[in-house]
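Given next are the chains, with one letter for each unit.
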Amino acid sequence: MPNIDNMLSSNPALKGLKDNLAQFSETRQELIAQLLVAGQTQLFENWDTPGVNDEAKDAFLTSLEKINTNYPGGLSAYISNAQILLAQAKESKNPFEGLSPEQPDNVNLSEFGDKYDHYETLGLQQFEKTAIVLVAGGLGERLGYNGIKLDIAVETLESTSYLEHYASSIKAMEARMTNPRLLPFIIMVSQDTGPKTLKTLESNNYFGLQKEQVFILQQELVPAISDNNGSLALKKTYELILKPHGHGDIHMLLYTSGLAEKLANKGIEHFVFIQDTNGQVINALPAALGVSLEKEYDFNSIAVNRIPGEAVGALAKLVGPKGELTLNVEYNQLDPLLRDTVSPEGDVPNAQGFSMFPGNINILCIRLTSYVRILKESQGIIAEFVNPKYADASKTTFKKPTRLETMMQDLPKLFGPGEKVGVTIFAREWSFSANKNNIVDAAAKYQAGSPPESSATAEDHFYMAGRSKLQEAGMTVNAADNELILGVPFQLGPKVILRPSFAMTLAEVRNKVSGGSISDQASLILDGRDIHLEGLELSGSTALIIKACDGAKVTVKGPFNNEGFTLVKLSEEERSPESTVPEYLKIRAYKFENSGAQIYEFNEPGEYTVEN
Ligand code: UTP
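Residues numbered from 1 in each chain as written. Predicted model: local features only at pLDDT ≥ 70, side-chain atom pairs only at ≥ 80, totals over all residues. Heavy atoms only, no water.

- You'll find the chain entered in an unreviewed UniProt entry as UTP-monosaccharide-1-phosphate uridylyltransferase, with Lentisphaera profundi given as the organism.
- Under the UniProt heading Catalytic activity (unreviewed entry), the note attached to the chain is "a monosaccharide 1-phosphate + UTP + H(+) = a UDP-monosaccharide + diphosphate".
- Taken directly from UniProt, the Sequence similarities (unreviewed entry) text for the chain runs: "Belongs to the USP family." (UniProt positions renumbered as here; feature names shortened; annotations may be inferred.)

As structure tokens, this is what we get:
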């Protein structure tokens, strides 16, 4: 233990601590000594004499111990990392100095066709060596939903939650494996989202998943820092200010839990990282895996065409004298980088109206062999950064305490020339339509020409993906117009949900759908592996729902006609906080009323035909 006697005797503000020290365990005394040596005297100044506020002292030391255990290298490592990063931030070094951006290695799958099918076929074969990693620790402040985002319905015809959608996608992946196994599902939660996530899983019987395939990792908050020396900030005596460390924590947790290595040893080759409210990810997943496999990418970033200026990072190959590295350039760093190098006008649209570089949507497909090695080398601490807001020109004081942060897409910052980074570009709404903004902000974004990324648009695109799949299979799909609901666009139909159980690839949809047509206001939901449509015709606002258990082969034929679902806009009163309308509807400002959808459910194996 470092000798701190001198410090304790020479600093009158530490008298209280000195008097209390003997009552603490040896490990606690050691931690206190380490922190004092690291210059964190402020944490222990003006303590009460023994017997006064002892519970608060105990809670404070418990929180320090917890952080010391959770952070690789402990609090001393956190403080010294902070000092280094703060010194760099003070110098305002351009992180991309001397580097010039070029197009990253990429596979463009923004259109369907043979190439798309090829990668889906490959990806399908990789399901049994894949695990899904869902980062779900975020607060969702922009959406402002009173609960966890995973509980929100991704669509409101049947009100399936995001978590249920992901779980049923995993079940569908398992059903398509040649050698079936449980597909590991890793969920990162935080203190804010953890208890509710577990409650939802438990009260829904894990949505059909086995408990042993679901791994919950909880990210912890990190201490805030009040100055360039890395001094930990106090809310008051005996209480630290704690803040989120960012979604890059997933790498640290996969390292400290040993889970990445354990799953690699069990034959898992790829982790696909997904977000809490992007239901579209499942559309892109098979082909993205196929690309990772064929191109032998260690890190495959799924990307979309980027709108200039939007708050989405750009994926670029940065080339310099010492080599090249494909990275996510955050949107605030992109414009200066472009101005300094390839585009004096900055982040401006190209001839197609898009940014020069594809946009990162944080769906990542990572190869485990290199991942496990890099986690060991870095202890899972991936490219931390700090973003202090300075109060003075000399960059000495902060407006408010800052903290170290980390983003999961920054993993390639630790790559060397041996690792391959690539990008797979998909059509935007096919692969990405997050539910992250409240209606007012979404409407403003729409006005400004940016994607609204609201509950309504996420639901709209969920149906759109279904429509695209039917169209791809040769069905005639008549599209309705867009309607603005409180300034947010929503296409009235047709509303098509092809559950993952029905099809995971376009080839599967083609095999099961032959001819037919669906009108612009109609709805169709198919849930089951062996459902076949033969010349199905849905007219007007007709709605048809078919659910078939495993072993039930259902052929659906000919015309149907009913009143289906009607969209009803919510009144101001219904949207008010006092109203009992469920919050997942309030954040959309509409609901669907069932005026006679035909529902056919087959719960026994057998052969069935459904026709009017
Ligand atoms: P978002 O960018 O949507 O952030 O996170 P957010 O924190 O959830 O929402 P706002 O900014 O408060 O409105 C992208 C993904 O990363 C996860 C989120 O849950 C989401 O799936 N995330 C974010 C974490 O898991 N942990 C974090 O600390 C932050």
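### Things to note about the overall build of the chain
Piece 1. Across its full length, the chain carries 19 helices and 33 strands.
Piece 2. By principal-axis analysis of the C-alpha atoms, the chain measures approximately 90 × 60 × 50 Å.
Piece 3. For the chain, with 612 residues in total, the buried portion stands at 54%.
Piece 4. Put simply, 72% of the contacts in the chain that link residues at least 6 apart link residues at least 24 apart.
Piece 5. Surface accessibility of the chain: about 25600 Å² in total, with carbon and sulfur atoms responsible for 48%.
Piece 6. A gap of 3 Å separates the mean positions of the 55 positive and 77 negative side-chain charges of the chain. (Helix = DSSP H or I, 4+ residues; strand = E, 2+ residues; numbered from the N terminus. Buried < 20%, exposed > 50% of the residue type's maximum accessible area, 1.4 Å probe, protein only. Contact = heavy atoms within 4.5 Å. Areas by Shrake-Rupley, 256 points an atom, 1.4 Å probe, with all protein chains shown as cover. Lys, Arg positive; Asp, Glu negative; His and termini not counted. Charge placed at Lys NZ, Arg CZ, Asp CG, Glu CD.)

### Section: the pattern of salt bridges
Piece 1. Enumeration according to the criterion identifies 36 salt bridges in this entry.
Piece 2. The shortest N-O distance in the salt bridge between Glu405 and Arg403 comes to 3.9 Å. In terms of burial, Glu405 and Arg403 fall into one category: buried.
Piece 3. Residues participating in the shared-partner salt-bridge network are Glu155, Glu158, Arg499 and Lys547. (Salt bridge = Lys/Arg side-chain N within 4 Å of Asp/Glu carboxyl O.)

### Side note on unusual backbone geometry
Piece 1. With an omega of -5°, the peptide bond between Gly493 and Pro494 qualifies as cis.
Piece 2. Along the polypeptide, Pro494 turns up in the loop between strand E22 (488-491) and strand E23 (495-498).
Piece 3. The backbone of Tyr238 sits at a positive phi, close to 70°, despite the residue not being glycine.
Piece 4. Even without a glycine there, the phi angle at Glu453 is positive, about 45°.
Piece 5. With respect to the helices, strands and loops of the structure, Glu453 is situated in the loop between helix H15 (439-447) and helix H16 (455-472).
Piece 6. Exposure remark for Glu453: the relative accessible area of 14% places this residue in the buried category.

### A word on empty space enclosed by the protein
Gaps between atoms show up when a probe of the same size as a water molecule is rolled over them.
Piece 1. Inspection of the entire model under this criterion finds three cavities of 30 Å³ or more.
Piece 2. As a volume, the largest cavity reaches approximately 230 Å³.
Piece 3. Along the wall of the largest cavity there are 21 residues; nearest its centre are His165, Ile282, Asn283, Lys469 and Leu498.
Piece 4. Counting only elements with at least two residues in the lining of the largest cavity, the list comes to helix H11 (281-295), H16, E23 and helix H17 (506-512).
Piece 5. Tallying contributions element by element places H16 first for the lining of the largest cavity, with four residues.
Piece 6. Across the lining of the largest cavity, the residue classes tally to twelve nonpolar, six polar and three charged. (1 Å grid on protein atoms, 1.4 Å probe; cavity = no way out; pocket = protein on both sides within 12 Å on 5 of 7 lines; lining within 4 Å. Points joined across faces, edges and corners; volume = space filled by probe spheres on them. Nonpolar A, V, L, I, M, F, W, Y, C, P; charged D, E, K, R; others polar.)

### Focus: the packing of aromatic side chains
Piece 1. Inspection of every chain in the model, using the stated rule, returns 21 aromatic pairs.
Piece 2. Ring centres 5.2 Å apart and planes at 65° place the aromatic pair Trp47 and Tyr238 in the edge-to-face group. Highlighted residues: Trp47 in the loop between helix H3 (26-37) and helix H4 (54-70) and Tyr238 in the loop between strand E8 (234-236) and strand E9 (239-240), separated in sequence by 191 residues. For the residue pair Trp47 and Tyr238, the accessibility class agrees, reading buried in each case.
Piece 3. Here the aromatic rings of Tyr116 and Trp430 are separated by 6.4 Å at their centres, their planes lie at 70°, and the arrangement is edge-to-face. Remark: Trp430 occurs in helix H14 (residues 428-431) and Tyr116 occurs in helix H6 (residues 114-125); sequence separation between them is 314 residues.
Piece 4. One aromatic cluster in this structure is built from Phe24, Phe44, Trp47, Phe60 and Tyr238.
Piece 5. Lying across the ring of Phe502, Lys512 places its NZ or CZ 5.2 Å from the centre. (Phe/Tyr/Trp six-rings, centres within 6.5 Å; stacked < 30°, edge-to-face > 60°. Lys NZ or Arg CZ within 6 Å of the ring centre and 35° of its normal.)

### Structural notes on the site of the ligand
Piece 1. Close to the ligand lie 16 residues, the nearest being Val135, Glu141, Lys149, Gln219 and Asp276.
Piece 2. Contact distances for the ligand include 3.5 Å between an oxygen atom and a backbone N or O atom of Ala136.
Piece 3. One of the side-chain N or O atoms of Lys149 is found 2.5 Å from an oxygen atom in the ligand.
Piece 4. Coverage of the ligand by the protein amounts to 84% of the 560 Å² it exposes when considered alone.
Piece 5. Taken together, the residues of the shell around the ligand break down into four nonpolar, seven polar and five charged. (Near = heavy atom within 4 Å. Polar contact = N/O pair within 3.5 Å; in protein donor to acceptor, adjacent residues only side chain to side chain.)

### Structural notes on the layout of surface pockets
Piece 1. In this structure, the second largest pocket encloses a volume near 490 Å³.
Piece 2. Considering the residues around the second largest pocket, the lining is formed by 20 residues, among which Ser168, Lys171, Ala172, Ser501 and Asp527 are closest to the centre.
Piece 3. Of all the secondary-structure elements, those providing two or more residues to the lining of the second largest pocket are helix H7 (162-175) and strand E28 (543-548).
Piece 4. Residue contributions to the lining of the second largest pocket peak at six residues, all from H7.

### With respect to the nonpolar core
Piece 1. Ranked by internal contacts, the top residues of the largest apolar core, which has 78 residues, are Ile132, Leu134, Tyr166, Phe185, Ile187 and Phe426.
Piece 2. In terms of residue count, the dominant contributor to this core is H11 (eight residues).
Piece 3. Setting aside chain neighbours within four positions, we find Ile132 in contact with Ile170, Met173, Leu183, Pro184, Phe185, Ile186, Val272, Ile274 and Leu285.
Piece 4. Listed in part, the 37 residues of the second largest apolar core include Leu14, Leu35, Leu43 and Tyr71. (Core = buried A, V, L, I, M, F, W, Y, C linked by side-chain atoms within 4.5 Å.)

### Describing the pairing of strand E27 (residues 531-538)
Piece 1. Note: strand E24 (residues 513-514) against E27, two bridges, orientation parallel. What sits directly across from Val513, in E27, is Leu533.
Piece 2. With two bridges connecting them, strand E25 (residues 517-518) and E27 associate as parallel partners. Looking at the pairing, Ile518 lines up with Leu538 of E27. (Pairing = 2+ DSSP bridges.)

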